[in-house]
Amino acid sequence: MRVEQIAVFLENKSGRLAEITATLADNGVNIRALSVADTADFGILRLIVDDVEKAKKVLKANGFTVGVTNVIAVEVADRSGGLAKVLKTIEKAGLNIEYMYAFVNRSGENAVLIFRFEEMDRAIAALQQDGFTILSGAQICAL
Amino acid sequence: MTTLYWEEEIETLPRVGLESIQLTRLKHLVARVYATVAPYRAKMDAAGVKPADIQSLADLQRLPFTVKDDLRDNYPFGLFTVPMEQVVRVHASSGTTGKPTVVGYTKKDIKTWSGVMARALTCAGATSRDMVHNAYGYGLFTGGLGAHYGVERLGATVIPVSGGNTKRQITIMQDFGSTVLLATPSYALNLADAMAELGVDPKSLALRVGIFGAEPWSENMRDEVERKLNIKAVDIYGLSEVIGPGVAMQCLETDRGMHIFEDHFLPEIIDPDTGEVLPPGEQGELVFTTLTKEAFPLIRYRTKDISRLIHEKCACGRTMVRMEKITGRTDDMLIIRGVNVFPSQVEHVLMGVEGVEPHYQIVVNREGNMDTMAVKVEVSEALFSDEVKNLEKLTRKIQADIKDLLGVTCKVQLVEPRTIQRSEGKAQRVVDNRKI
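Per-chain numbering applies: the sequence of each chain, read as written, is numbered from 1 onward. The lettering of chains begins at A and the numbering of ligands begins at 1, in the order of writing. Local features are withheld for residues below a pLDDT of 70 in this predicted model, meaning they are given only at 70 or higher, and side-chain atom pairs are given and counted only at 80 or more; totals for whole chains, interfaces and linings count all residues.

Let us look at the overall build of chain A. Each helix and strand counted, chain A has 5 helices and 7 strands in total. Secondary structure elements are taken from DSSP: a helix is a run of H or I of four residues or more, a strand is a run of E of two residues or more, and numbering for both begins at the N terminus. In sequence order, the secondary structure elements of chain A are arranged as β-α-β-β-α-β-α-β-β-α-β-α. Based on C-alpha atoms, the radius of gyration is set beside the globule rule, defined as 2.2 Å times the residue count to the power 0.38. Rg of the C-alpha trace for chain A: 16 Å, near the compact-globule value of 15 Å for 143 residues, within the 12% margin. Counting every position in chain A, which comprises 143 residues, the buried fraction comes to 29%. The contact criterion used here is simple: two residues whose C-beta atoms, placed from the backbone, lie within 7 Å are in contact. Summarising the internal contacts of chain A: among those between residues at least 6 apart in sequence, 68% fall at separations of at least 24. Exposure classification rests on a simple neighbour count of other C-beta atoms within 10 Å of a residue's own: a residue reaching 20 or more is buried, one at 12 or fewer is exposed, and one in between is partly exposed. C-beta atoms are placed from the backbone.

It is worth spelling out the nonpolar core at this point. For the purposes of this analysis, a nonpolar core is taken to be any set of buried Ala, Val, Leu, Ile, Met, Phe, Trp, Tyr and Cys residues that are connected through C-beta atoms within 7 Å. The biggest cluster of nonpolar side chains holds 93 residues, and the ones touching the most others in it are B:Leu182, B:Ala188, B:Val247 and B:Ile260. The dominant element in this core, judged by the number of residues it contributes, is helix H5 (residues 107-123) of chain B, at 7 residues. Beyond its immediate chain neighbours, meaning those up to four positions away, B:Leu182 contacts B:Val132, B:His133, B:Asn134, B:Ala135, B:Tyr136, B:Ala147 and B:Ile211. Counting 61 residues, the second largest nonpolar core, distinct from the first, contains A:Val8, A:Ile114, B:Ile336 and B:Ile398.

Residues and elements named next belong to chain B. Where each domain begins and ends follows an automated or database-derived domain assignment. When the domains of chain B are assigned, the result is domain 1 (8-331) and domain 2 (335-432). Computed from C-alpha coordinates alone, the two centres of domain 1 and domain 2 are separated by 31 Å. Listed per partner, the contact involves 13 residues of domain 1 and 15 residues of domain 2. For the side of domain 1 that touches domain 2, the element with the highest residue contribution is helix H8 (residues 185-198), accounting for 4 residues. Its residues assigned to classes, the side of domain 1 that touches domain 2 shows 3 nonpolar, 8 polar and 2 charged. Ten residue types, Ala, Val, Leu, Ile, Met, Phe, Trp, Tyr, Cys and Pro, are classed as nonpolar, four, Asp, Glu, Lys and Arg, as charged, and the remainder, Gly among them, as polar.

With that settled, consider the interface of chain B and chain A. With 17 residues of chain B at the interface, the matching set in chain A holds 15 residues. When contributions to the side of chain B that touches chain A are tallied by element, the ones reaching two or more residues are helix H11 (388-406) and strand S19 (411-415) of chain B. Taken together, the residues that form the side of chain B that touches chain A break down as 7 nonpolar, 4 polar and 6 charged.

Residues and elements named next belong to chain B. Here the bond from Tyr-75 into Pro-76 is cis, since omega is -5°, no more than 30 degrees from zero. Tracing the chain through its elements places Pro-76 in the loop between helix H4 (68-73) and strand S1 (87-93). Non-glycine residue Ser-162 carries a positive phi angle of around 60°. In this structure, Ser-162 sits in the loop between strand S4 (157-159) and helix H7 (166-177). At Asn-230, a position not held by glycine, the phi torsion is positive, near 55°. Secondary-structure assignment places Asn-230 in the loop between helix H9 (219-229) and strand S7 (232-239). For Asn-230, a count of 15 C-beta atoms within 10 Å corresponds to the partly exposed category.

It is a general feature of regular strands that their side chains alternate between the two faces of the sheet. Pairing between two strands is assigned when DSSP locates at least 2 bridges connecting them. Judged from the 7 bridges that link them, strand S5 (residues 97-104) of chain A and strand S6 (residues 110-117) of chain A form a sheet pairing that is antiparallel. Looking across to S6(A), one finds that A:Met100 is bridged to A:Phe115.

Next up on the list: the sheet that holds S19(B). Residue and element names in this part refer to chain B. Ordered in space as S19-S18-S17-S22, the 4 strands form an open sheet in which the pairing is mixed. Both edges of this open sheet fall to S19 and strand S22 (430-432), since each of them pairs with a single strand only. Shown here is a sheet whose adjacent strand axes are inclined to one another by a mean of 20°, direction ignored. Two elements, strand S17 (residues 360-367) and S22, share 3 bridges in a ladder whose sense is parallel. The partner of Val-363 across the bridge, within S22, is Val-431. Packed on one face of the sheet, helix H10 (residues 343-351) meets S17, strand S18 (370-378) and S22 and runs near 125° to S17. Orientation is described by axes fitted as lines to C-alpha atoms, over the contacting stretch for helices, and by angles from 0 to 180 degrees between their N-to-C directions.

Here it is, written out as structure tokens:
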């Protein structure tokens, strides 16, 4: 029930993000979602892609520092209150979110929320118990 | 202006008299060191030279050099020539692998030191009527205490204010009427800027002269200090191995060079590559032999500082040779806000952090008047995390470890792999952007 996410270290200098996306595009890797965490000195780019292994290989070959982490993808209806409901479950369970980001799928009906928790297993259990749909990597790629 | 001297007779002695004193002291020193310190004896035996071979000052060249590694190899007290019960004080400087260089002083050494410091202060025109603001750091560093005892010896009033707390320093200057400032030149500029911020006019202070050392500084910086603080700025030289501050001092009559107190410290200028003594006036590595120190004498100690000796007569009447302002180093030592930093020390810290690869670069800048040091570290996969807090924790740890070992606050900057310049297959470890 986990999705593999690619994380890339970014120095704060112009053009780095463009180089990453160009590298992925040249190798036919499709980006499904992304977020950038930035500080004054560096950034971390987080990507959900359709081919994790290939993305990792081509980015490394181009000199980037790449890490693969597991995240949880929760599908909710793209309506007001969709995220709030999920967060209520998380709060109730006393879970700590390390970071999160979201994207809307192609049909536009549903939104996908990407979460990273300190306690991943407990988070999955709590979300499932409250009836949320958790997507696998394959399901995300198929969206 | 009448020149003031602390010890007029010796300071103005004709060269022939001075050289005769030097030779007597040198012979005595070599005999004593040979008899009491095994590492020196071993080196002299290996070089095939005996104390009796020293018959002229030129014979000094037959003696082997002493280098910083000799001090480290005999850490902490292996090169002391007297029993510890005669040692009344120790000082230490930071070492490249965490082991500091330790120096010791007998009662007589402390007296010698305060004497040369009193001479240095007098060179700058200080007298017993002065209020001396000593902003050199107190502690293991020789700067603070070395200057302190010199001021007391002179009979002036010492304000042992040490470094930091700039606002309070300015208040003290105003309220106590400090007339002489002892500090690193960069701290002096810091004080000047703080005064400007606080709206304190330097002309309203009693400050007359500043004695600056412990880090390299340019003539431009001298002009800036003089203008901003409305004082005369003079240069002092010293290093803990030789004694501390008070090895050489600029007088008020010249802007060119510092008088070396040659009756205590015998200078040579050598070619750093061949070790040959260079002809008078040539630029090279400065080497000192301490003629009078008891606890921790040095024979031909290589300072790694680049200078030249000025033999022309000085207008002040002192006959002691002058050394030019230090123009560089023969090694990769950096001086950051008065603290000696070797790139190998930074490397040592980085290697102690799991996952850090030996790809780093030290970038030194001068922002305003303060030296800043940034350490760039390449982020390997082992170090990388998708969470900001983990990477920030890492930079804070490296920062804290460097501060612990070196006493210098630096900025740690994470960079992408293979982005640190490598020249000829070897990384360029230091980028010094300061214009000194």
